[in-house]
Amino acid sequence: MARSTPIPDGFLEVGHLRRAHGLRGDVFVQLVTNRTERLDVGSTLATSKGDLVVGASKLLPNGRWVVKFDQITDRTAAETWSNVAVHAAPIADADALWFHDLIGSKVVEVDGTEHGTCSNVLTNPASDILELDTGHLVPSTFIVSRVDGVVTVDTPDGLFDLLDK
């Protein structure tokens, strides 16, 4: 029976281990973040099967990551890690907007008009979208600031009129 290790409180899901690559225990890793330093040598990622330490990582020309973890020594072991989620502590970056910080924030226009609370952040190729408890959707490109749980947006005229009628 597989051992289950709790993920530390506050850790964020940053990716998934995919299939084995080669014979020496390398695995493909699919990141769900743009913070590639998560795969720097020496980084520790938490999983439900225990912590993994990055021994080596390489970005392939096709955009996929191949990672060698110190704890995974051969292909047989690597195959047992397929589809395991990896987690890490949040990175302190004052200039970044983090999903976990946006959810629950009050959303207001630059003129002070309140439009609701962010209940979810939807991933979208063009830009992530704030989903408000009022049903409105606001592309993250319109965010101008986030201070003390308040997200200020500067949206085009009419964006909030669509559901109000």
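The residue count restarts for each chain, going from 1 along the sequence in the order it is written. Reporting of local features is limited, given that this is a predicted model, to residues whose pLDDT is at least 70; pairs of side-chain atoms are given and counted only at 80 or more, and all residues count toward the totals for whole chains, interfaces and linings. With hydrogens and water stripped out, all remaining heavy atoms of the structure feed into the side-chain values.

**Student:** Explain the overall build of the chain to me, and be specific about the residues and the numbers.
**Tutor:** For helices the rule is a DSSP run of H or I covering at least 4 residues; for strands it is a run of E covering at least 2, with both sets numbered from the N terminus onward. Of the regular secondary structure elements, the chain holds three helices and twelve strands. Here the chain has a C-alpha radius of gyration of 20 Å; the compact-globule value for 165 residues is 15 Å, and the former is much larger. Considering only C-alpha atoms, the chain reaches an extent of 60 × 35 × 30 Å along its principal axes. In the chain, which comprises 165 residues, the share counted as buried stands at 35%. Across the chain, every contact between residues at least 6 apart in sequence was considered, and the portion connecting residues at least 24 apart equals 49%. Only the protein chains shown count as cover for residues, and all accessible areas are computed by the Shrake-Rupley method using a 1.4 Å probe. Counting every atom, the chain has about 9600 Å² of accessible surface; 51% of that belongs to carbon and sulfur. For the chain, the distance from the average site of its 14 positive side-chain charges to the average site of its 23 negative ones is 15 Å. With the radius of gyration taken over C-alpha atoms, the globule rule is written as 2.2 Å times the number of residues to the power 0.38. Using a 1.4 Å probe on the protein chains alone, a residue whose accessible area is under 20% of its type maximum counts as buried, one over 50% counts as exposed, and one in between counts as partly exposed. Contact criterion: two residues are considered in contact whenever any of their non-hydrogen atoms come within 4.5 Å of each other. All tallies of charge rest on Lys and Arg as positive and Asp and Glu as negative; His and the ends of each chain are not included. Where a charge sits is defined by one atom per residue type, namely NZ (Lys), CZ (Arg), CG (Asp) or CD (Glu).

**Student:** An account of unusual backbone geometry is needed here, citing residue identities and associated values.
**Tutor:** Despite not being glycine, Asn83 shows a phi value in the positive range, around 65 degrees. Counting through the fold element by element, Asn83 comes out in the loop between helix H1 (75–79) and strand E6 (85–88).

**Student:** Can you lay out the environment of Asp51 for me, pointing to particular residues and giving the numbers?
**Tutor:** Inspection of the secondary structure assignment puts Asp51 in the loop between strand E3 (44–45) and strand E4 (52–59). With a relative accessible area of 48%, Asp51 lands in the partly exposed category. Expressed as a C-alpha distance, the spacing of Asp51 and His115, which sit 64 residues apart in the sequence, is 42 Å. When near neighbours in sequence (up to four residues on either side) are disregarded, Asp51 contacts Thr44, Leu45, Ala46 and Gln71.

**Student:** Residue-level account of the sheet that holds strand E10 (residues 137–139), with values.
**Tutor:** With mixed pairing, the six strands of this open sheet are ordered in space as E10-E9-E8-E7-E12-E11. Whereas interior strands pair on both sides, the edge strands pair on one side only; in this sheet they are E10 and strand E11 (143–147). Direction aside, the axes of adjacent strands within the sheet are offset by 35 degrees on average. If DSSP finds at least two bridges between two strands, the strands pair. Across three bridges, strand E7 (residues 106–109) lies against strand E8 (residues 114–122) in antiparallel orientation. Of the residues in E8, the one forming a bridge with Val107 is Gly116. Simply put, an axis is a line fit to the C-alpha atoms, just over the touching stretch for a helix, and the angle between two N-to-C directions goes from 0 to 180 degrees.

**Student:** I'd like a rundown of the sheet that holds strand E5 (residues 65–69), residues and numbers included.
**Tutor:** Judged by pairing direction, the sheet is antiparallel, and its six strands sit side by side in the order E3-E4-E5-E2-E1-E6 without closing on themselves. Every interior strand has two partners, whereas the edge strands, E3 and E6, have only one. Sheet analysis places strand E2 (residues 26–31) next to E5, joined by three bridges and oriented antiparallel. Its bridge partner lying in E5, Val29 is registered against Trp65.

Just distances and angles here, no functional claims.
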